[in-house]
Amino acid sequence: MNSNVENLPPHVLRLVYKEISALAADPPEGIKIYPSEEDITELHTAIEGPEGTPFAGGIFRMRLVLGKDFPAVPPKGYFLTKIFHPNVGHKGEICVNVLKRDWKAELGLRHILLTIKCLLIHPNPESALNEEAGRLLLEDYAEYESRARLLTEIHAMGCPGGTSAVPQDPNDGPQPKKHAGDPTKRAGPSAAAVPAALGNGANGASTTTSNSSSSSNNVAGKKKADKKRALRRL
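Residues numbered from 1 in each chain as written. Predicted model: local features only at pLDDT ≥ 70, side-chain atom pairs only at ≥ 80, totals over all residues. Heavy atoms only, no water.

**Re the overall build of the protein chain**
Operational definition: Going along the chain from the N terminus, every DSSP run of H or I of four or more residues is numbered as a helix, and every run of E of two or more is numbered as a strand. Relative accessibility thresholds used throughout: buried, under 20% of the residue-type maximum; exposed, over 50%; partly exposed, between the two (1.4 Å probe, protein chains only). Note on contacts: a residue pair qualifies if any of its non-hydrogen atoms lie within 4.5 Å across the two residues.
Looking only at helices and strands, the protein chain features five helices and four strands. Secondary structure elements in the protein chain, listed N-terminal to C-terminal, are α-β-β-β-β-α-α-α-α. Relative to its full complement of 234 residues, the protein chain shows a buried share of 32%. Nonlocal contacts in the protein chain, meaning residues at least 24 apart in sequence, comprise 58% of its contacts between residues at least 6 apart.

Structural data, given as structure tokens:
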């Protein structure tokens, strides 16, 4: 979606900026805020799956998009991480009353985030966007829980946002130097030079040991000869 920064009045933008700054400084428990300095009309968040639910252990990325009529009209909410939930559509759209008929301008973004987190604990099958999830929730909870847990493990575990995280460009990050694969241009001693250096060191040590041994023998022999001469004189 396109940014609505230019469409919102300055006083609304100031209020939004103030609220997002407060959220980033003191986020609701189990929710992380990722504000964008370039576009404050699109707020990215990550919600921890609540304990005791099939979503426990998962990290679910979500975004709120503020339209040009905000706050008179509620934001639109989308899960970016795939989730099996009655109130989340196949494209990630979220159906919850606070984003529809129960919206009031004074509620604010914090209230929306807390309500969506509560939706993970208490789904509402009566307003299901995912009809299969809503039916299983009512008719076969064990199967619903199994399906929801499976998608949580696949998409929401292992890294923030799970497998639904934005893929990295292969050109991002530090790149290897062009000569990295050329052994003739690698820094440091070559593989052949290392054994050679070790060999020279070993030979040098051997030569030094041999010379030291010969010197010791010569000194001992000289001492014996001097002792014999002294005995003859007696």
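Alright, that's what it looks like, and here's the rest.
**Observations regarding helix H2 (residues 108-121)**
What counts is decided by this rule: What a helix should span is 1.5 Å times the count of its residues minus one.
If you check H2, its first and last C-alpha atoms are 21 Å apart, about what 14 residues at 1.5 Å a residue would give, namely 20 Å. For H2, the set of buried residues is Gly108, Leu109, Ile112, Leu113, Ile116, Lys117, Leu119 and Leu120. Summarising the contacts, the buried residues of H2 are in contact with helix H1 (10-25), strand E1 (31-34), strand E2 (42-48), strand E3 (59-65) and strand E4 (76-79).

**A few points about the pairing of E2**
The following threshold applies: Two strands form a pair only when DSSP identifies at least two bridges running between them.
For E2, the buried fraction is high: five of the seven residues fall into the buried class. Two elements, E1 and E2, share four bridges in a ladder whose sense is antiparallel. What sits directly across from isoleucine 33, in E2, is threonine 45.

**Description of the nonpolar core**
We count it as follows: In plain words, nonpolar cores are sets of buried Ala, Val, Leu, Ile, Met, Phe, Trp, Tyr and Cys residues tied together by side-chain atoms within 4.5 Å.
Ranked by internal contacts, the top residues of the largest apolar core, which has 38 residues, are Met62, Leu64, Phe70, Phe79, Leu109 and Ile116. Sorting the residues of this core by element identifies H1, E1, E2, E3, H2, helix H3 (131-139) and helix H4 (141-155) as the ones contributing at least two each. Per-element accounting of this core gives the leading share, six residues, to H2. When sequence neighbours within four positions are dropped, the list of residues in contact with leucine 109 reads Glu19, Ile20, Leu23, Leu43, Leu64, Leu66, Phe70 and Pro75.

**Comments concerning the UniProt feature "active site" (unreviewed entry) in the protein chain**
Applicable threshold: UniProt positions are given in the numbering used here, feature names are shortened, and annotations may be inferred rather than shown by experiment.
Per the UniProt entry, the sites bearing "active site" (unreviewed entry) are Cys95 in this numbering. Taking relative accessible area as the criterion, cysteine 95 reaches 8% and is therefore assigned buried.

**Points about the environment of glycine 57**
With respect to the helices, strands and loops of the structure, glycine 57 is situated in the loop between E2 and E3. Spatially, the C-alpha atom of glycine 57 lies 9.7 Å from that of arginine 149, the residues being 92 residues apart in sequence. Those residues in contact with glycine 57 that lie beyond four places of it in its chain are Gly49, Ala156 and Met157.

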